[in-house]
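Below, each chain spelled out in residue letters.
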Amino acid sequence: MTLHFIAKDPETNGDHCPTIWFDDVAQEFVVQGWKAGAGLEAKCRESGPIPETETVVRLPARMAEALKEVLDVAARTAVR
């Protein structure tokens with residue numbers, strides 16, 4: 001696996017930092033974010049169930065540039 005570090009929350013204090021990576025072997029986005037609360041999870045479940053193997057995470061909007069960057073990395077490394 002080659003895990004490409006993309007970015008941490010630009011306003012991080014060094015702890016509890018949302019972070020984004022890209023795994024070019026698994027072809028997956030890897031995201032560390034804040035856990036969703038019960039209310040947000042309930043709203044998300046309105047679209048369908050959340051399996052036990054999955055979770056809902058939150059990222060601040062200020063990470064939009066990092067999301068764009070991880071999409072660019074994926075496009076450059078993706079096997080098609």
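Look a little higher up for the structure.
Below you will find a few notes about this structure. (Residues numbered from 1 in each chain as written. Predicted model: local features only at pLDDT ≥ 70, side-chain atom pairs only at ≥ 80, totals over all residues. Heavy atoms only, no water.)

Right, let's get into the nonpolar core. Formed by I6, A7, I20, F22, M63, A66, V70, V73 and A74, the largest nonpolar core amounts to 9 residues. Among the elements of the structure, strand 1 (3–8), strand 2 (19–23) and helix 2 (64–77) are those that each provide at least two residues to this core. Ranked by residues supplied to this core, first place goes to helix 2 with 4 residues. Setting aside chain neighbours within four positions, we find F22 in contact with T2, L3, H4, I6, Q27, E28, F29, V70, V73, A74 and T77. (Core = buried A, V, L, I, M, F, W, Y, C linked by side-chain atoms within 4.5 Å. Buried < 20%, exposed > 50% of the residue type's maximum accessible area, 1.4 Å probe, protein only. Helix = DSSP H or I, 4+ residues; strand = E, 2+ residues; numbered from the N terminus. Contact = heavy atoms within 4.5 Å.)

Taking 1.5 Å of rise per residue, the 14 residues of helix 2 would be expected to cover 20 Å, and the 20 Å separating its terminal C-alpha atoms lies within 8% of that figure. Turning to helix 2, its buried residues number three or more, namely A66, V70, V73 and A74. Burial along helix 2 is one-sided: seen end-on, the buried residues are contained in an arc of 100°. Facing away from the buried side of helix 2 by over 90 degrees, the exposed positions are E65, L71 and R76. Residues of helix 2 that are buried sit in contact with strand 1, strand 2 and strand 3 (28–32). (Expected span 1.5 Å × (residues − 1). Arc of directions from axis to C-beta.)

Here we come to the sheet that holds strand 1. Strand order in the open sheet made by the 3 strands is 1-2-3, with antiparallel pairing throughout. Each end of this open sheet is capped by a strand with a single partner; those strands are strand 1 and strand 3. Each neighbouring strand pair of the sheet contributes to a mean axis angle of 20°, computed without reference to strand direction. As defined by bridge partners, strand 2 adjoins strand 3 across 5 bridges and the pair is classed as antiparallel. Following the sheet pairing, I20 is matched in strand 3 by V31. Sheet strands in contact with helix 2 are strand 1, strand 2 and strand 3, and its direction is about 5° off that of strand 2. (Pairing = 2+ DSSP bridges. Axes fitted to C-alpha atoms, helices over the stretch in contact; angles between N-to-C directions.)

This brings us to the pattern of salt bridges. Tallying each qualifying case throughout the model produces 5 salt bridges. A salt bridge links E41 to R45; the nearest nitrogen and oxygen atoms lie 3.4 Å apart. Of this pair, E41 and R45 both sit in helix 1 (residues 38–45), 4 residues apart, which is roughly one turn of the helix. K43 is the partner of E46 in a salt bridge, and the nearest nitrogen-oxygen pair spans 3.5 Å. There is no split in this pair, since E46 and K43 are both exposed. Salt bridges linked by common partners bring D9, E11 and R62 together as one network. (Salt bridge = Lys/Arg side-chain N within 4 Å of Asp/Glu carboxyl O.)

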